Structures are given as C-alpha cells and as structure tokens.
Amino acid sequence: QVQVEESGGGLVQAGGSLSLSCAASGSIYTIVSMGWYRQAPGQQRELVAHATGGHSPNYADTVKGRFTISRDNGANTVYLQMNSLIPEDTATYYCNVKGYLGDLRPFDAWGQGALVTVSS
C-alpha cells in the first residue's frame, strides 16, 4: 500500500559527492519520519541519517559533517547529499519511511536499496 522508490547512487572516487533521493507514494495519510540506512557486505544494516517532523535530523557519527538529509514534505520525498565520500561509505543505502495510512493504520516501509561504491 506504500511504495518507496529510491534513485541515485553509483560509483565515485574518494572525496567525491553523490546524492540519493527517495519518494514515498500510495495510501499515505501522513509521514512521521524518513531516513536512510546502509548495509555493507557482511555487515548489519545501520542508521545513516533520520529526519522526523519538528525535530532536528540525527546522523551517524561516521557521516556527521559530510552527509545532509533533507525532506520535501509536500512531495513525500527525502534526499541524502553525500560529500567527502570515503571507501568506508561503500554500501547499499536503503530508504525507510514510517507513518500512517489513510485508514490510520501505521506503516513502516523500505525501498529496494541503492548501491553506492566509493573507490580509493
């Protein structure tokens, strides 16, 4: 009932920049939070950045000062601008959206993932 579609990512050299975007659609009444997580091969999925309405975004310590999350609430879209990328940022990045459906049931939806590869 909720679709989450990511775009962006790709291959970049260390020190470069990439951006990701994520749009949620479907029977959405309201979105409470939107965030980005990542999972490197052989690693657990971890929080990258998270934005909840009315609160300042929070970031993983490893990306603070380099990554910026922003939301377009009217378009149910969230962005992740990634600067000064390092090889350790290489991972599949997943968008997560939480909120309520039109019938007021809560939802927690994930995108399919976008691969980010940073070469040294």
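Structure report, in brief. (Residues numbered from 1 in each chain as written. Predicted model: local features only at pLDDT ≥ 70, side-chain atom pairs only at ≥ 80, totals over all residues. Heavy atoms only, no water.)

**Observations concerning the sheet that holds strand 8 (residues 77-82)**
Logical step 1: Within the open sheet, the four strands sit side by side as 1-3-8-7. Their pairing is antiparallel. The open sheet has two edge strands, strand 1 (2-8) and strand 7 (67-72), and neither has a second partner. Averaged over all pairs of adjacent strands, the angle between strand axes in this sheet comes to 15 degrees, irrespective of strand direction.
Logical step 2: Looking at chain direction, strand 1 and strand 3 (residues 18-26) are connected through seven bridges and run antiparallel. Bridged to Ser 7 within strand 3 is Ser 21. (Pairing = 2+ DSSP bridges. Helix = DSSP H or I, 4+ residues; strand = E, 2+ residues; numbered from the N terminus. Axes fitted to C-alpha atoms, helices over the stretch in contact; angles between N-to-C directions.)

**Overview of unusual backbone geometry**
Logical step 1: Unlike most non-glycine residues, Asn 76 shows phi in positive territory, near 50 degrees.
Logical step 2: Since its relative accessible area comes to 22%, Asn 76 is described here as partly exposed.
Logical step 3: At Ser 84, a position not held by glycine, the phi torsion is positive, near 50 degrees.
Logical step 4: Mapping Ser 84 onto the fold places it in the loop between strand 8 and strand 9 (91-101).
Logical step 5: For Ser 84, a relative accessible area of 42% translates into the label partly exposed. (Buried < 20%, exposed > 50% of the residue type's maximum accessible area, 1.4 Å probe, protein only.)

**Thoughts on the environment of Gly 8**
Logical step 1: When you line up the elements, Gly 8 lands in strand 1.
Logical step 2: Considering only alpha carbons, one finds Gly 8 and Cys 22, 14 residues apart in sequence, at a separation of 8.9 Å.
Logical step 3: Setting aside anything within four residues of it in sequence, one finds Gly 8 in contact with Ser 19, Leu 20 and Ala 114. (Contact = heavy atoms within 4.5 Å.)

**Some details on the packing of aromatic side chains**
Logical step 1: Taken as a whole and assessed by the stated rule, the structure comprises one aromatic pair.
Logical step 2: One residue, Arg 45, lies across the ring of Tyr 94, its end atom 3.7 Å from the ring centre.
Logical step 3: When the ring centre of Trp 110 is taken as reference, the NZ or CZ atom of Arg 45 above it lies at 4.7 Å. (Phe/Tyr/Trp six-rings, centres within 6.5 Å; stacked < 30°, edge-to-face > 60°. Lys NZ or Arg CZ within 6 Å of the ring centre and 35° of its normal.)

**Quick notes on the state of the cysteines**
Logical step 1: Counted according to the given criterion, the structure contains one disulfide.
Logical step 2: For Cys 22, the disulfide goes to Cys 95, at an S-S distance of 2.0 Å. Between Cys 22 and Cys 95, the disulfide has an S-S torsion of -75 degrees and is therefore left-handed. Of this pair, Cys 22 sits in strand 3 while Cys 95 sits in strand 9, and the two are 73 residues apart along the sequence. Across the pair, exposure class does not vary: Cys 22 and Cys 95 are buried alike. (Disulfide = S-S within 2.5 Å.)

**So, the environment of Phe 107**
Logical step 1: Here Phe 107 shows up in strand 10 (residues 106-110).
Logical step 2: Separated by 64 residues in sequence, Phe 107 and Gln 43 have C-alpha atoms that sit 26 Å apart.
Logical step 3: Once you skip the residues sitting within four places of it in the chain, Phe 107 turns out to touch Val 2, Ile 28, Thr 30, Ile 31, Val 97, Lys 98, Gly 99, Tyr 100 and Leu 101.

**A closer look at the nonpolar core**
Buried together is how nonpolar side chains tend to be arranged in soluble globular proteins.
Logical step 1: Core analysis: the biggest nonpolar cluster contains 32 residues, and Trp 36, Leu 80, Met 82, Tyr 93 and Val 97 have the highest contact counts within it.
Logical step 2: Broken down by element, this core gets its largest block of residues, five residues, from strand 9.
Logical step 3: With near-sequence residues (within four places) excluded, Val 97 lies in contact with Val 4, Cys 22, Ala 24, Ile 31, Ser 33, Met 34, Phe 107, Asp 108 and Ala 109. (Core = buried A, V, L, I, M, F, W, Y, C linked by side-chain atoms within 4.5 Å.)

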